[in-house]
Amino acid sequence: MRRLLSVTLAIVAGLAASAGAHTVLTTLFVDDATQGEGTCVRMPLNPGQCTSPVENVASNDRVDGEKAVAFTCAALAGGKLTFQFREWANAAQPGAIDKSHKGPCAIYAKQVQNIAKDQAAGPGWIKLWDSGYDDTAKKWCTEKLIDNDGLLSFEIPDGLPAGYWLFRPELLALHEANKGDPQFYVGCAQVFVQSSNTAALDVPGDRKVSIPGHVHAKDAGLNFNIYAPSFPYQLPGPKVFSVPPPKNGESSVPKQTQGVIPSNYIVKNANWIGVEVPDYKDEGGCWASSESCWKQASACYEKAPPTGDAGCIAWEKKCNGIQDACSDGNFRGPPNKGKKLTVKEPRPPASIPRPVNV
């Protein structure tokens, strides 16, 4: 009998998709190339609550809302990162953030030594960019985000030293701020910055912040009334740190060793990969490989974030193919050994916007 792991997951996903949506960081692009749904992105794992705002300014959820993920994406210093926000994490419906959720945006970053174990919450954060109300365009930053299909592009400063970084885009919705309820939407992308520059940044004390702690409940920018505005708007948090040009680099570029995506996978779902099952040439080997395939399928579904399980579904089809072959007495395999599986993911955006800091 065929196993149908995806059936229960589809029901859960459907229930989650019916929940009220706000927004969540779902996808990272490097130099306009998608890294995959949820890959290298830290996000809340509860599908029914992942798009909810962080309203407590003292909560550690203000950092990125979730623990480290298995993979870290590489990008060159001077390269382009693009963060995608969606109202529906799995793109079940279109939208970036509700048009009523007007407010500023910012991008923070923190260098860590161990991407899997170092605490994201706490000191060491710098603000690399922010934007509030554009008096010329008569638009808030979040309105521009909507215009760009939820995409926020940023150029990594040339002077940012090589190593492991957390990039944290932050949206602040002010539609309830006049009632004392500013709503933050945050996430983190794990990135290994490739550069020959290894010199530590010399950041002034007033530019280094702890998160939580970088904003306070009584800050003017968190209590701004967008329905009776009194401009100019005062951006919350520290001032932007302007990263200086790189110093003379080392003769060699540091190599990424943590969070590297293995090259031997045949399917990827967010931060999980499926690798080919062992070869077999008899009935016992066939059923053993079938079981190996299903164990990987279970792990995929267990680790699938709210962005979806398209890779798991593709893998499950492979498992069913092996199981069918075993049942039919075809004990030599696996079928289509080593062939990359086709994954049906949401269609990438038609265009990627220019970096906001260029």
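The structure under discussion appears in the preceding block.
What counts and what doesn't
- Residues numbered from 1 in each chain as written.
- Predicted model: local features only at pLDDT ≥ 70, side-chain atom pairs only at ≥ 80, totals over all residues.
- Heavy atoms only, no water.
- Phe/Tyr/Trp six-rings, centres within 6.5 Å; stacked < 30°, edge-to-face > 60°.
- Buried < 20%, exposed > 50% of the residue type's maximum accessible area, 1.4 Å probe, protein only.
- Lys NZ or Arg CZ within 6 Å of the ring centre and 35° of its normal.
- Pairing = 2+ DSSP bridges.
- Helix = DSSP H or I, 4+ residues; strand = E, 2+ residues; numbered from the N terminus.
- Axes fitted to C-alpha atoms, helices over the stretch in contact; angles between N-to-C directions.
- Disulfide = S-S within 2.5 Å.
- 1 Å grid on protein atoms, 1.4 Å probe; cavity = no way out; pocket = protein on both sides within 12 Å on 5 of 7 lines; lining within 4 Å.
- Points joined across faces, edges and corners; volume = space filled by probe spheres on them.
- Nonpolar A, V, L, I, M, F, W, Y, C, P; charged D, E, K, R; others polar.

Caption draft 1: Structural view of the packing of aromatic side chains. Counted according to the given criterion, the structure contains 11 aromatic pairs. Pairing Phe-224 with Phe-231 gives two aromatic rings, centres 5.5 Å apart and planes at 40°, and the pair type is tilted. In this structure Phe-224 comes out as buried when scored by relative accessible area, which is 9%. Phe-231 gets classed as partly exposed once you look at its relative accessible area, which sits at 37%. With centroids separated by 5.1 Å and ring planes inclined at 85°, the aromatic side chains of Phe-224 and Tyr-233 adopt a geometry described as edge-to-face. Comparing Phe-224 with Tyr-233, the two get one shared label, buried. Three or more aromatic residues joined by ring pairs form one cluster here, namely Tyr-133, Trp-140, Phe-224, Phe-231 and Tyr-233. The side chain of Lys-340 reaches across the aromatic face of Tyr-265, ending 3.7 Å from its centre.

Caption draft 2: Spatial organisation of the sheet that holds strand β1 (residues 24-30). Across the sheet, which stays open at both edges, the four strands sit in the order β2-β1-β5-β10 with antiparallel pairing between neighbours. Each of the sheet's edge strands pairs with one partner strand only, and the pair in question is β2 (33-37) and β10 (151-155). Averaged over all pairs of adjacent strands, the angle between strand axes in this sheet comes to 30°, irrespective of strand direction. Here β1 runs beside strand β5 (residues 80-86); their pairing, made up of six bridges, is antiparallel. The partner of Val-30 across the bridge, within β5, is Leu-81.

Caption draft 3: Focus on the state of the cysteines. What the rule picks out here adds up to five disulfides. Two residues, Cys-286 and Cys-326, share a disulfide whose sulfurs are 1.9 Å apart. Sign of the S-S torsion, about -100° for the bond between Cys-286 and Cys-326, identifies this disulfide as left-handed. With a gap of 40 residues between them, Cys-286 in helix α3 (residues 283-303) and Cys-326 in helix α4 (residues 310-327) connect regions that are remote in the sequence.

Caption draft 4: Broad picture of unusual backbone geometry. Residues Phe-231 and Pro-232 are joined by a peptide bond in cis, for which omega reads 5°. Relative to the assigned elements, Pro-232 resides in the loop between β14 (208-211) and β15 (265-269). Residue Pro-334 follows Gly-333 across a cis peptide bond; omega there is 15°. Following the sequence through the fold, Pro-334 ends up in the segment after α4. Within the chain, Asp-31 stands out as a residue other than glycine whose phi angle is a positive 50°. Inspection of the secondary structure puts Asp-31 in the loop between β1 and β2. Despite not being glycine, Ala-91 shows a phi value in the positive range, around 60°. Here Ala-91 lies in the loop between β5 and β6 (105-112).

Caption draft 5: Highlighting the layout of surface pockets. Considering only enclosed or pocket space, the second largest pocket measures out at about 300 Å³ in volume. In terms of lining, the second largest pocket is formed by 16 residues, of which the most central are Gln-84, Arg-86, Pro-94, Gly-95 and Asp-149. Per-element tally for the lining of the second largest pocket: the top contributor is β5, with three residues. Residue classes in the lining of the second largest pocket are distributed as nine nonpolar, four polar and three charged.

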